[in-house]
Amino acid sequence: MASRACLLPERGILRISGPDAHSFLQGLLTQNMDLVSEDCAVYTLMQTPQGKFLFDLFLIKDGDGYLADCEAARAKEILKRLFFYKLRAKVELADQSGNDAVAVLLDEGHESAPGAAEDGLCGVTYVDPRLPALGKRVILPRETAELCLRDGGYELTGADAYHEKRMALGVPEAGFELLPEKTFPLEANLDSLHAFDFKKGCFVGQEVASRTKRRGQVRKRILPAEIQGEDLAPGEAVTREGRTVGEVLSVLGSHALIQIKTAQAAGKLQAGDSVLHIHLPDWADFTLETSGNEDENDA
């Protein structure tokens, strides 16, 4: 049976280069740029100064610069934000989304190290740095992307196959469950998905994220749920014993990602006429117990 691959039309590519590219990104992003090489990709975020999610990037070294897999619909907004912080730094920023596409090899890389990169498929291939179970990501020429994948022996499938897989694994994504200037990254468990290096030094929004991580107090979490019953729609309230305790963020097939108060995650949960069965992902390095009254600003 052929391995599956799909293109992700919602993702685009930026190129960030120049003599100051490393130091420029190091001061902005949540992950350590010292880890990025041609052999290793990282998953990283840019936050607001208040520690809320702004956008995410998959970064890999490319010659004298970096390729950044980002939200295609927000590529211009991301560039505008980077230009805002650029000041006098010797950095060049370009949107390559018209030339390059992003694909996922769904059935590969599961036993590999997160971010491990290799040549192949007419472009750059690396294991998803968040979670190897998500497969390998590929940056390849847009015009020949489908041909490259087919010639590589892959069966092309729709992007829903990728999204259903990540939702079943409990991995939220920009453009879907991660809401700019609203979501706290630790509520989305992005620290468990290798988006942060809390020892690297300062980055935008560090104070809130570091304080929340240090205290270990996250009052809400984004968690995967299996749906039993009628179809659901994003935005529906999640209830427990008649009280609202969360919200449905996204639905695909029998899978949902919901945001829920950690103290209310046990027991019978419903959304509309459906029952929700939540579970803690295998990769989670947290529990659902809470231990006090967190400050409202602490995720």
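**Student:** Tell me what's going on with the pattern of salt bridges, and back it up with residues and numbers.
**Tutor:** Evaluation of the coordinates by the stated rule reveals 17 salt bridges. The partner of aspartate 69 in a salt bridge is arginine 137, with the nearest N and O atoms 2.8 Å apart. With aspartate 69 in strand E5 (residues 65–71) and arginine 137 in strand E10 (residues 136–141), the pair connects residues that are 68 residues apart, well separated along the chain. The pair aspartate 69 / arginine 137 is uniform in exposure class, with both members buried.

**Student:** Break down the nonpolar core for me, with residues and values.
**Tutor:** Within soluble globular proteins, side chains that are nonpolar tend to cluster in buried spots. Within the largest apolar cluster, 54 residues are counted, with the highest numbers of intra-cluster contacts made by Leu190, Phe196, Val238, Ile258, Ile260 and Leu276. Secondary structure elements with two or more residues in this core: strand E3 (42–47), strand E4 (53–62), strand E7 (100–105), helix H4 (159–169), strand E12 (220–228), strand E14 (243–252), strand E15 (255–261) and strand E16 (269–271). Excluding residues within four positions of it along the chain, phenylalanine 196 makes contact with Thr30, Gln31, Leu45, Gln47, Pro185, Leu186, Leu190, Asp191, Phe203 and Ala209. Residues Met46, Ile78, Leu79 and Leu82 belong to the second largest nonpolar core, which totals 25 residues.

**Student:** Give a detailed account of the sheet that holds strand E2 (residues 11–17), specifying residues and quantitative values.
**Tutor:** Within the open sheet, the 5 strands sit side by side as E3-E4-E5-E2-E6. Their pairing is antiparallel. Where the open sheet ends on each side, the last strands, each with one partner, are E3 and strand E6 (92–95). With strand direction ignored, the average angle separating the axes of adjacent strands in the sheet is 30°. Where E2 and E6 come together, 4 bridges link them in antiparallel fashion. Within E6, the position partnered with isoleucine 16 by the bridge is leucine 93. Of the strands in this sheet, E2, E3, E4, E5 and E6 are in contact with helix H2 (residues 75–86), which crosses E6 at around 175°.

**Student:** Could you give an account of the packing of aromatic side chains, naming the residues involved and the relevant values?
**Tutor:** Scanning the entire structure with this criterion turns up 4 aromatic pairs. Ring geometry for tyrosine 43 against phenylalanine 58: centres 4.9 Å apart, planes inclined by 45°, an arrangement best described as tilted. Taken as a pair, tyrosine 43 in strand E3 and phenylalanine 58 in strand E4 lie far apart in primary sequence, 15 residues in all. For the residue pair tyrosine 43 and phenylalanine 58, the accessibility class agrees, reading buried in each case. Three or more aromatic residues joined by ring pairs form one cluster here, namely Phe196, Phe198 and Phe203. In this structure, lysine 61 is placed above the aromatic ring of tyrosine 66, and the distance from its NZ or CZ to the ring centre is 5.3 Å. A cation over an aromatic ring shows up here: arginine 130 above the ring of tyrosine 43, its NZ or CZ 5.4 Å from the ring centre.

**Student:** Mind laying out H2, listing which residues take part and the relevant values?
**Tutor:** End to end, H2 covers 16 Å across 12 residues, agreeing with the expected 16 Å (1.5 Å per residue, within 8%). Listed as buried for H2 are Ala75, Ile78, Leu79, Leu82 and Lys86. In a view along the axis of H2, the buried residues occupy a sector of 100°, so they form one face of it. Along H2, the residues that are exposed and aim more than 90 degrees away from the buried face are Lys76, Lys80 and Phe84. Against E2, helix H1 (21–26), E4, E5 and E6 lie the buried residues of H2. Remark: leucine 87 follows H2 within two positions and exhibits a positive phi of approximately 50°.

What counts, and where the lines are drawn
- Residues numbered from 1 in each chain as written.
- Predicted model: local features only at pLDDT ≥ 70, side-chain atom pairs only at ≥ 80, totals over all residues.
- Heavy atoms only, no water.
- Salt bridge = Lys/Arg side-chain N within 4 Å of Asp/Glu carboxyl O.
- Helix = DSSP H or I, 4+ residues; strand = E, 2+ residues; numbered from the N terminus.
- Buried < 20%, exposed > 50% of the residue type's maximum accessible area, 1.4 Å probe, protein only.
- Core = buried A, V, L, I, M, F, W, Y, C linked by side-chain atoms within 4.5 Å.
- Contact = heavy atoms within 4.5 Å.
- Pairing = 2+ DSSP bridges.
- Axes fitted to C-alpha atoms, helices over the stretch in contact; angles between N-to-C directions.
- Phe/Tyr/Trp six-rings, centres within 6.5 Å; stacked < 30°, edge-to-face > 60°.
- Lys NZ or Arg CZ within 6 Å of the ring centre and 35° of its normal.
- Expected span 1.5 Å × (residues − 1).
- Arc of directions from axis to C-beta.

Function cannot be inferred from these measures alone, as they are strictly geometric.
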